[in-house]
Amino acid sequence: MFKKLLSGLFGGDRQASPGATTKAAEAVEYKGYEIVSQPDDQSGQYRVSGIIRKPGTAGETLEHRFERSDMLPGREACDAMMVTKAQRYIDEVGDAMFEPDPRRAGES
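Rules behind the numbers
Residues numbered from 1 in each chain as written. Predicted model: local features only at pLDDT ≥ 70, side-chain atom pairs only at ≥ 80, totals over all residues. Heavy atoms only, no water. Helix = DSSP H or I, 4+ residues; strand = E, 2+ residues; numbered from the N terminus. Buried < 20%, exposed > 50% of the residue type's maximum accessible area, 1.4 Å probe, protein only. Contact = heavy atoms within 4.5 Å. Areas by Shrake-Rupley, 256 points an atom, 1.4 Å probe, with all protein chains shown as cover. Core = buried A, V, L, I, M, F, W, Y, C linked by side-chain atoms within 4.5 Å. Pairing = 2+ DSSP bridges. Salt bridge = Lys/Arg side-chain N within 4 Å of Asp/Glu carboxyl O.

Within the protein chain one finds two helices and six strands. Reading the helices (α) and strands (β) of the protein chain from amino to carboxyl end gives α-β-β-β-β-β-β-α. In the protein chain, buried positions account for 31% of the 108 residues. Look at the contacts in the protein chain between residues 6 or more apart in sequence, and 43% of them connect residues 24 or more apart. For the protein chain, the accessible area works out to roughly 7400 Å², and carbon and sulfur atoms hold 52% of it.

Set out below in C-alpha cells:
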C-alpha cells in the first residue's frame with residue numbers, strides 16, 4: 001500500500017514518460033494491410049508511429065515498423081495522421097516494405 005502511494009506521488013505508474021510508447025489503437029484495414037497506430041508520447045506531444053501488418057503467403061504475418069518525425073499535441077490527431085501516412089506509404093511502396101533493407105545486409 002505504501003509503495004503504491006509513493007509511486008502515485010512520484011509518477012511511478014505513469015505510462016506517459018518521455019519516449020514512452022502508448023497503448024496501440026484499434027487496427028484499421030486498408031487494401032489487405034492492417035495499420036496499427038502506436039504513437040510515442042514525448043513530453044505531451046505524440047510522434048507518429050506504429051506498425052503495418054499483412055498476412056504472408058506461408059501463414060506468417062509480415063510486419064513493418066512505421067515511424068515518422070511528425071509530432072502532434074493530441075492522440076486522436078496523431079492516430080489519424082498515422083493512418084493517412086501509412087495508407088500513402090502502402091500505395092507508394094506496397095509489399096516492398098517487407099523486403100530486407102540492403103543498407104543492413106551485413107548486420108546479423
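Turning our eyes to something else, we now look at the nonpolar core. Counting 16 residues, the largest nonpolar core has Ile35, Ile52, Ile90 and Met97 as its most contacted members. Secondary-structure elements contributing two or more residues to this core are strand S3 (33-37), strand S5 (45-55), strand S6 (61-72) and helix H2 (75-93). With near-sequence residues (within four places) excluded, Ile52 lies in contact with Tyr33, Glu34, Leu62, Glu63, His64, Phe66, Ala86, Tyr89, Ile90, Met97 and Phe98.

As judged from the nine bridges shared by S5 and S6, these two strands associate in the antiparallel manner. When the bridges of S6 are listed, Arg47 appears paired with Met71. What sits between the antiparallel neighbours S5 and S6 is a turn of five residues, in which Gly59 has the positive phi angle 90 degrees.

Turning our attention to the pattern of salt bridges. In the structure shown here, the tally under the stated rule is seven salt bridges. Between Asp79 and Arg75 there is a salt bridge, and its shortest N-O distance comes to 2.9 Å. Separated by four residues within a single helix, Asp79 and Arg75 lie in helix H2, roughly one turn from each other. Asp79 gets classed as buried once you look at its relative accessible area, which sits at 16%.

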